[in-house]
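The residues making up each chain are set out below.
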Amino acid sequence: MSLVLTCLFDQGSLSRDSLEALGAGKSIAAELGAVLAAAVIGAETGAIGAAAGEYGASKIYAVQDAALAQYYCEGYLAALEAVCRECEPAVVLFVTNAPGREMAPRLAKRLGRTALVDCLSFNADKETGSIVFTKPVFGGKAMAQVAMSDAPAVVALRRRSFEPARPEQAAAETIQVKPPAIPPNPFKLIERVEEQTAGVRLEDARVVVSGGQGLGGPENFALLEELAGLLGGAVGASRVAVDSGWVSSSKQVGQTGKIVAPDIYLAVGISGACQHLAGCSGSKVIVAVNTDPEAPIFGAARLGVVGDYKEVLPPLIEKVKEMA
Amino acid sequence: MQIMVCLKQILDPELPPRDFRLEKGEMTPAAEGVPLVMSSFDQNALEVGLQLREKMAGATVTAVTVGPEGAEDVLRKALAVKADRAVRVPLEQDSKLSGGIVAGLLAGAARELGADLVLCGRQAGDWDGGQVGLILAEELGWPGANLVTGIEPGSGGLVLKCELDEGYEVLEGNAPLVAVVTNHETNVLRIAKVKDTMAAMRKKVEQINVAPQGGRLELASLEIPVKEVNCEIIPGEDGVEKADNLFKRLLELKVL
């Protein structure tokens, strides 16, 4: 029976990313008639292994070692390589987050394969066992379907593109794996700054108010902050706004930034480059506010306001205040 | 310190979607009339390399590209912002989904050049593969740092600032290493002076030949997605009216 292996890097409890990997893994395994397995790594993997079992994995490959208490690429790679040599999976799944982005290509190389990063969907062929994954290319202007016919197919899934797994009652078997050696971290951590976002996280927000070049400077983001705050939403930005230093890069929405799928995506002064739209195209309603009626953002928006945001946003803010 | 920066020439990603076409009957975009540019994250990598050189006596920056002769344009651009050397590794094949092959060629060049630090952009703005630098770390057996925004010389090696999903971290590591660079306000590529651009035209581009190895992924199809969005323009004489109408529509669509 072939295996679909999801690689989980959480400690303690499963993150939304991991639940999405398990959810996607479950449907791929069902299509292929394969078993869903999870790799869990850490100093203490009991809790996370049990959680993975509860969310659908029927085999848990655990690499437990004090040296692996915190994620670092070289150590976790050695652990995953050992798991893959042990279970010879047909498919290895990552999520395209910071660890997944660096692990997928490197693990694939060690297994003699090339990874595919940022996949949106899949089509599996049970007969041949081959799977075709779809990923955006050319900044989202085209979609490539890539046939992964040689096992293992090493794939990183785009965040917020797959339904998270649901809890189910099932017994999981746990297999302890011992890597031949765990290399030390070649980097010394000097400082880690976790950004504290006031309010809702950009990726979880129901309303995202994003600003771009049209805002002309960092001070004008205050208006966006106010509107987002009133709606219980978050502020995003285009790459131009980030490269200009107006907002921190953790606010960047797009192909290489955050992928968001809110109910309302309000794009203010954003021209609508493909790579930006790739990060918000899953939104229910995109609203564009732009002075240029020819801006490509109007080609992607459900609702459009042609005009100066400085004249439109303040009365909109008043309306929202009245509602509340 | 020998700094090697990997640069890729790509079709201009700023090309608007309405002008983006595929070559008839082929799974590749039409290139005719489309400008070729240096991939944007590679520009960030080049800037990181140039800034590091300014802080390290004796450091050099070598720009390397893989591709046909025409790809030397990106090397000229690097020479124009004062890269010390420019090297092309010839590869006549199409670049689609060939990250594994390209990483192998770049590894060969890094060994030949005696590089201590290899800088790559996080992903090319054409096929968006996002893996050359990471496979390169594996090929060379060097540590790899991902999503790096800047590098400084430190007391015990190199100090790298790396983006996390929420926030950032600062790492210290010793060369040789591979750093995969992402965009940040501090690493937007400087603009070349006109006289340096002229001088770059006359500079020598070296060539290093490496035998291509490994396979590429199998492209089954390439399509331009059909967009079915029809934008409804909100009417109104002024900002207040537009805001009113927009607010009403959002309520009607039950998203507010």
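Residues numbered from 1 in each chain as written. Chains lettered and ligands numbered in written order. Predicted model: local features only at pLDDT ≥ 70, side-chain atom pairs only at ≥ 80, totals over all residues. Heavy atoms only, no water.

A. Region of the structure containing the sheet that holds strand β7 (residues 131-137) of chain A. Ordered by their spatial adjacency, four strands build an open sheet running β6(A)-β7(A)-β8(A)-β12(B), and the pairing between neighbours is antiparallel. On the outer flanks of this sheet lie β6 (121-124) of chain A together with β12 (218-223) of chain B, each paired with one strand and no other. Between one strand axis and the next, the sheet turns by 25° as a mean value, whatever way the strands run. Of the strand pairs in this sheet, β6(A) and β7(A) are connected by four bridges, and their pairing is antiparallel. (Pairing = 2+ DSSP bridges. Helix = DSSP H or I, 4+ residues; strand = E, 2+ residues; numbered from the N terminus. Axes fitted to C-alpha atoms, helices over the stretch in contact; angles between N-to-C directions.)

B. Representation of the side chain of Arg158(A) in the model. Residue and element names in this part refer to chain A. Positionally, Arg158 belongs in the loop between β9 (153-157) and β10 (173-176). We classify Arg158 as buried; its relative accessible area is 5%. Here Arg158 is in contact with Glu20, Thr96, Asp118, Cys119, Leu120, Pro136, Gln255, Ile259 and Ala278, once residues within four sequence places are set aside. (Buried < 20%, exposed > 50% of the residue type's maximum accessible area, 1.4 Å probe, protein only. Contact = heavy atoms within 4.5 Å.)

C. Broad picture of the interface of chain B and chain A. Listed per partner, the contact involves 77 residues of chain B and 78 residues of chain A. Carbon and sulfur atoms make up 59% of the area that chain B and chain A hide from each other, which totals about 6800 Å². Considering only the side of chain B, the residues that lose the most area to chain A are Glu138(B), Asp165(B) and Glu166(B), jointly responsible for 10% of the buried surface there. Run the count over chain B and chain A and you get nine salt bridges. Of the charged contacts, one joins Arg106(A) and Glu138(B) as a salt bridge, the two residues approaching to 2.8 Å between their closest N and O atoms. Linking chain B with chain A are 34 residue pairs in polar contact (both at pLDDT 80 or more), by the criterion used here. Elements with a minimum of two residues in the side of chain B that touches chain A: α1 (40-55), α4 (132-140), β7 (144-154), β8 (157-163), β9 (167-173), β12, β13 (232-233) and α6 (239-252) of chain B. (Buried area = accessible area lost by both parts, 1.4 Å probe. Salt bridge = Lys/Arg side-chain N within 4 Å of Asp/Glu carboxyl O. Polar contact = N/O pair within 3.5 Å; in protein donor to acceptor, adjacent residues only side chain to side chain.)

D. Focus on the pattern of salt bridges. According to the stated counting rule, one finds 38 salt bridges over all chains in the structure shown. Here Glu169(B) ties to Arg192(A) by a salt bridge, and the two come within 2.7 Å at their closest N and O atoms. Here Glu169(B), found in strand β9, pairs with Arg192(A), found in strand β11 (residues 188-194), and the two come from separate chains. Since its relative accessible area comes to 34%, Arg192(A) is described here as partly exposed. Ionic pairing is found between Glu54(B) and Arg190(B), a salt bridge with its closest N-O pair at 2.7 Å. Here Arg190(B) lies in the loop between β10 (177-181) and α5 (194-202) and Glu54(B) lies in helix α1, a separation of 136 residues in the sequence. Residue classification places Arg190(B) among the partly exposed positions, given a relative accessible area of 29%. Here the residues in one salt-bridge network are Arg16(A), Asp17(A), Glu20(A), Arg159(A), Arg160(A), Arg201(A), Glu203(A), Asp204(A), Lys258(A), Asp165(B) and Glu166(B), joined through shared partners.

E. Local environment of the domain arrangement of chain B. If you check the domain split of chain B, you get domain 1 (2-207) and domain 2 (226-256). The distance between the C-alpha centroids of domain 1 of chain B and domain 2 of chain B comes to 43 Å. (Domains from an automatic or database assignment.)

F. Examining the pairing of β6(A) more closely. Burial along β6(A) is one-sided: Phe122(A) and Ala124(A) are buried, while Ser121(A) and Asn123(A), pointing the other way, are not. Counting the residues in the hairpin turn of β6(A) and β7(A) gives six residues, including Gly129(A), whose phi is positive at 75°.

G. Summary view of the sheet that holds strand β15 (residues 285-290) of chain A. Strand order in the open sheet formed by six strands is β13(A)-β12(A)-β14(A)-β15(A)-β16(A)-β13(B), and the pairing between neighbours is parallel. Whereas interior strands pair on both sides, the edge strands pair on one side only; in this sheet they are β13 (234-237) of chain A together with β13 of chain B. Here strand β12 (residues 207-211) of chain A runs beside β13(A); their pairing, made up of four bridges, is parallel. Bridge pairing links Ser210(A) to Gly236(A) in β13(A). Against the sheet, helix α5 (residues 221-230) of chain A contacts β12, β13 and β14 (264-268) of chain A, and its axis sits at roughly 140° relative to β13(A). Across the sheet, α6(B) touches β14, β15 and β16 (303-306) of chain A together with β13 of chain B, and the angle it forms with β16(A) is around 175°.

H. Quick peek at empty space enclosed by the protein. One pass over the structure, following the stated rule, counts four cavities of 30 Å³ or more. Volume-wise, the largest cavity comes out at about 310 Å³. For the largest cavity, the lining is made up of 22 residues, of which Thr256(A), Gly257(A), Lys258(A), Arg122(B) and Asp165(B) are closest to its centre. Classifying every residue of the lining of the largest cavity gives four nonpolar, ten polar and eight charged. (1 Å grid on protein atoms, 1.4 Å probe; cavity = no way out; pocket = protein on both sides within 12 Å on 5 of 7 lines; lining within 4 Å. Points joined across faces, edges and corners; volume = space filled by probe spheres on them. Nonpolar A, V, L, I, M, F, W, Y, C, P; charged D, E, K, R; others polar.)

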